[in-house]
Amino acid sequence: MGMITEISSSANAPSGTVGKVGTVDTFGTDGGGVANQTLKSGKWIFRRNCSLSPKQLLQWYLSLCAITLVIATGFLLAGFWIVLPFAGIELLLVGTAFVIYARHAADYEMIELQPNQLKLVMADGAKLTQIEWSAQWAKLSYNGKYKAPLLFSHRGQQVKIGKFIAEKDKSALHRELKAALARAAC
């Protein structure tokens, strides 16, 4: 009921990034599927959809280096020494591009609601921001415009969330988060 289990789309994201949402079940059941209590907690995690984790990317890059250097060494032994420096330049440029990619491959935004507490966590490259607010005083707004973020506010502070969420899913997520925030504030 009212849970978003997964949202996948690239409508919001440049260069194919995709937002995914996972939530904790907000209703307890008695085994027969009937809700017997309402829990006042939930967790939403929004991530980029990356093909490779930084560790997998490093493994792939090292295998690319090994293959390229074996081929370049073969050309060196055949007398074509000029191939080796160009292979080194190529690997250096590809490695630089991979480092830039890997810095943001694990970026995420997390919203965690517990009774009377709202926790926002944003990871952007090496920067990790954690904010804990009282759920009773936190407000959530969304104006529905294209590329507009979900905006949490609390006593004059504002935090934008939603750079990994598809535009078509933001209004439904806004309604779900607003209801969960109201439950957590009680």
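Check the entry above for the structure.
Residues numbered from 1 in each chain as written. Predicted model: local features only at pLDDT ≥ 70, side-chain atom pairs only at ≥ 80, totals over all residues. Heavy atoms only, no water.

J.: Would you explain the nonpolar core in this entry?
T.: Burial of nonpolar side chains together is a common tendency in soluble globular proteins. Grouped together as the largest cluster of nonpolar side chains are 25 residues, with contacts concentrated most on Ile111, Leu118, Leu120 and Phe152. Those elements that provide at least two residues to this core are β4 (42-47), β5 (108-114), β6 (117-124), β7 (127-134), β9 (150-154), β10 (157-161) and α3 (167-185). The leading source of residues in this core is α3, at five residues. In contact with Leu120, other than residues within four places in its own chain, are Met110, Ile111, Thr129, Gln130, Ile131, Trp133, Phe152 and Val159. (Core = buried A, V, L, I, M, F, W, Y, C linked by side-chain atoms within 4.5 Å. Buried < 20%, exposed > 50% of the residue type's maximum accessible area, 1.4 Å probe, protein only. Helix = DSSP H or I, 4+ residues; strand = E, 2+ residues; numbered from the N terminus. Contact = heavy atoms within 4.5 Å.)

J.: What am I meant to see in helix α2 (residues 83-105) here?
T.: One turn of the α-helix equals 3.6 residues, which is why residues spaced by three or four share an orientation. In this model, α2 (23 residues) spans 32 Å end to end at C-alpha, consistent with the 33 Å of a helix rising 1.5 Å per residue. Within the sequence span of α2, burial applies to Ala87, Leu91, Gly95 and Ala105. Among the structural elements, α1 (54-77) are those in contact with the buried residues of α2. (Expected span 1.5 Å × (residues − 1).)

J.: What is the right way to read the packing of aromatic side chains from this model?
T.: Pairs of aromatic rings are described using the distance from one ring centre to the other and the angle between the two planes. Within the structure shown, the criterion is met by three aromatic pairs. Consider the rings of Phe75 and Phe80, whose centres lie 6.3 Å apart with planes at 70°: the pair is edge-to-face. Each residue in the set Trp60, Tyr61 and Phe98 is aromatic and connected to the rest through ring pairs, giving one cluster. The residue whose ring lies beneath Arg47 is Tyr108, and the NZ or CZ to ring-centre distance is 5.4 Å. If you follow Arg155 out to its NZ or CZ, it ends over the ring of Trp137, 5.3 Å from the centre. (Phe/Tyr/Trp six-rings, centres within 6.5 Å; stacked < 30°, edge-to-face > 60°. Lys NZ or Arg CZ within 6 Å of the ring centre and 35° of its normal.)

J.: Where do I start with the sheet that holds β10 in this structure?
T.: Where strands meet in a sheet, backbone hydrogen bonds hold them as pairs that are either parallel or antiparallel. If you walk across this open sheet you meet the three strands as β8-β9-β10, and the pairing is antiparallel. Of all strands in the sheet, those bounded by a partner on one side alone are β8 (139-141) and β10. Pairwise comparison of adjacent strand axes, ignoring direction, gives a mean angle of 25° for this sheet. Together, β8 and β9 form the strand contacts of α3, whose direction differs from that of β8 by roughly 165°. (Pairing = 2+ DSSP bridges. Axes fitted to C-alpha atoms, helices over the stretch in contact; angles between N-to-C directions.)

J.: Hey, could you run me through the pairing of β9 in this one?
T.: Every other side chain in a regular strand lies on the same face of the sheet, so the side chains alternate between the two faces. Of all five residues in β9, five are buried, a share of seventy percent or more. Neither face of β9 is exposed, since Leu150, Phe152 and His154 on one face and Leu151 and Ser153 on the opposite face are all buried. Two elements, β8 and β9, share three bridges in a ladder whose sense is antiparallel. Its bridge partner lying in β9, Leu140 is registered against Phe152. Pairing between β9 and β10: five bridges, direction antiparallel. Bridging from a neighbouring strand, Phe152 pairs with Val159 of β10. Between β9 and β10, which pair antiparallel and follow one another directly, the connecting turn spans two residues, one of which, Arg155, has a positive phi of 50°.

J.: How should I be thinking about a nonpolar patch on the surface in this particular structure?
T.: Together, Leu76, Trp81, Ile82, Phe86, Ile89 and Leu93 make up an exposed nonpolar region whose accessible area comes to about 650 Å². With three residues, the single largest contributor to the nonpolar patch is α2. In this structure, Phe86 sits in helix α2. (Patch = residues over 30% accessible without salt bridge, like charges linked within 9 Å, V, L, I, M, F, W, Y side chains within 5 Å. Areas by Shrake-Rupley, 256 points an atom, 1.4 Å probe, with all protein chains shown as cover. Salt bridge = Lys/Arg side-chain N within 4 Å of Asp/Glu carboxyl O.)

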